[in-house]
Amino acid sequence: MFALDVITHSPAQTYQLGQQLGAMTREGDLICLCGELGVGKTTLASGIGNGWGAREIVNSPTFVFVNEYSDSRGRRLYHIDAYRLRDAADSQSIALDDLLNDPHGAVMIEWAERVQDVLPNEYLQIDLVAVDDQTRQVKLEARGEQYKKVVDSLVLRDT
Ligand SMILES: Nc1ncnc2c1ncn2[C@@H]1O[C@H](COP(=O)(O)OP(=O)(O)OP(=O)(O)O)[C@@H](O)[C@H]1O
Ligand SMILES: [Mg+2]
């Protein structure tokens, strides 16, 4: 399956969905998080970090817009918040290719729509939409073979 819509009814549920995704996140993976201000991107990203196994945050001296987490096995998870990026030069400054080429790294990007010009062809696209105060629609779309497995596994856990 390449696309799946999940409804969450609380921040905790969105976080839990993130934990499931994080547990399946592998080296070289890219997760793009899109949606309006305050919709729940950081909540989902925190769950992803937790499920992935993030222990500590290492603020990168080289990449201003990038937070870096590590796990007990020395893997790295890069968390980019593209909200403040203004133009193409800023997009280039995150050096996304370098991050994606880290053999022990995975990447997630909030406000990924702002760096569309530097995204590769394949990634897991996640669009969040506010339904009401406590309810969010989380739309997952696998753009690339490797992400279909991830979406499939979520379907399995749901049943
Ligand atoms: N089902 C839900 N899932 C996630 N957040 C929810 C949900 N229902 C309500 N919320 C609230 O929505 C807000 C989400 O905040 P969060 O920082 O995760 O959003 P964001 O998309 O990262 O915002 P920003 O665009 O400012 O970075 C929180 O205040 C949270 O309590
Ligand atoms: Mg945020």
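Structure: see above.
Criteria and cut-off values
- Residues numbered from 1 in each chain as written.
- Chains lettered and ligands numbered in written order.
- Predicted model: local features only at pLDDT ≥ 70, side-chain atom pairs only at ≥ 80, totals over all residues.
- Helix = DSSP H or I, 4+ residues; strand = E, 2+ residues; numbered from the N terminus.
- Rg over C-alpha atoms; globule rule 2.2 N^0.38 Å.
- Near = placed C-beta within 6 Å.
- Nonpolar A, V, L, I, M, F, W, Y, C, P; charged D, E, K, R; others polar.
- Pairing = 2+ DSSP bridges.
- Contact = placed C-beta atoms within 7 Å.
- Core = buried A, V, L, I, M, F, W, Y, C linked by C-beta atoms within 7 Å.
- Buried ≥ 20, exposed ≤ 12 C-beta atoms within 10 Å, placed from the backbone.

1. Some words on the overall build of the chain
(1) Moving on: Along the backbone of the chain there are five helices and eight strands.
(2) Moving on: Helices and strands appear in the chain in the N-to-C order β-α-β-α-β-β-β-α-α-β-β-β-α.
(3) Moving on: The C-alpha radius of gyration of the chain comes to 15 Å, within 12% of the 15 Å expected for a compact globule of 159 residues.
(4) Moving on: Along the three orthogonal principal directions, the C-alpha set of the chain runs to about 40 × 35 × 30 Å.

2. A few points about the site of ligand 1
(1) Moving on: Surrounding ligand 1, one finds 18 residues, the nearest of these being Thr14, Gly40, Lys41, Thr42 and Thr43.
(2) Moving on: Of the residues in the shell around ligand 1, the class split is three nonpolar, 12 polar and three charged.

3. Observations regarding the pairing of strand β5 (residues 76–81)
(1) Moving on: In terms of strand pairing, strand β4 (residues 66–70) meets β5 through five bridges, oriented antiparallel. Bridging from a neighbouring strand, Tyr69 pairs with Leu77 of β5.
(2) Moving on: Taking the residues that link successive antiparallel strands as the turn, the β4-β5 hairpin has five residues, and the phi of Gly74 there is positive, at about 80°.
(3) Moving on: Direction of pairing for β5 relative to strand β6 (residues 105–110): parallel, over a ladder of six bridges. Each residue of the ladder has a partner; that of Tyr78, found in β6, is Val107.

4. Some words on the environment of Val6
(1) Moving on: Within the secondary structure layout, Val6 lies in strand β1 (residues 3–8).
(2) Moving on: For the pair Val6 and Gln137, spaced 131 residues apart in sequence, the C-alpha separation works out to 5.9 Å.
(3) Moving on: The contact partners of Val6, leaving out residues within four places of it in the chain, are Leu17, Val138 and Leu140.

5. Notes on the nonpolar core
(1) Moving on: By size, the foremost hydrophobic cluster in this structure holds 35 residues, and its most contacted members are Ile31, Cys32, Leu33, Val107, Ile109, Leu124 and Ile126.
(2) Moving on: In terms of residue count, strand β2 (residues 30–34) provides more of this core than any other element does, five residues in total.
(3) Moving on: Apart from residues no more than four positions distant in its own chain, Leu124 is found in contact with Ile31, Cys32, Leu140, Ala142, Tyr147 and Val150.

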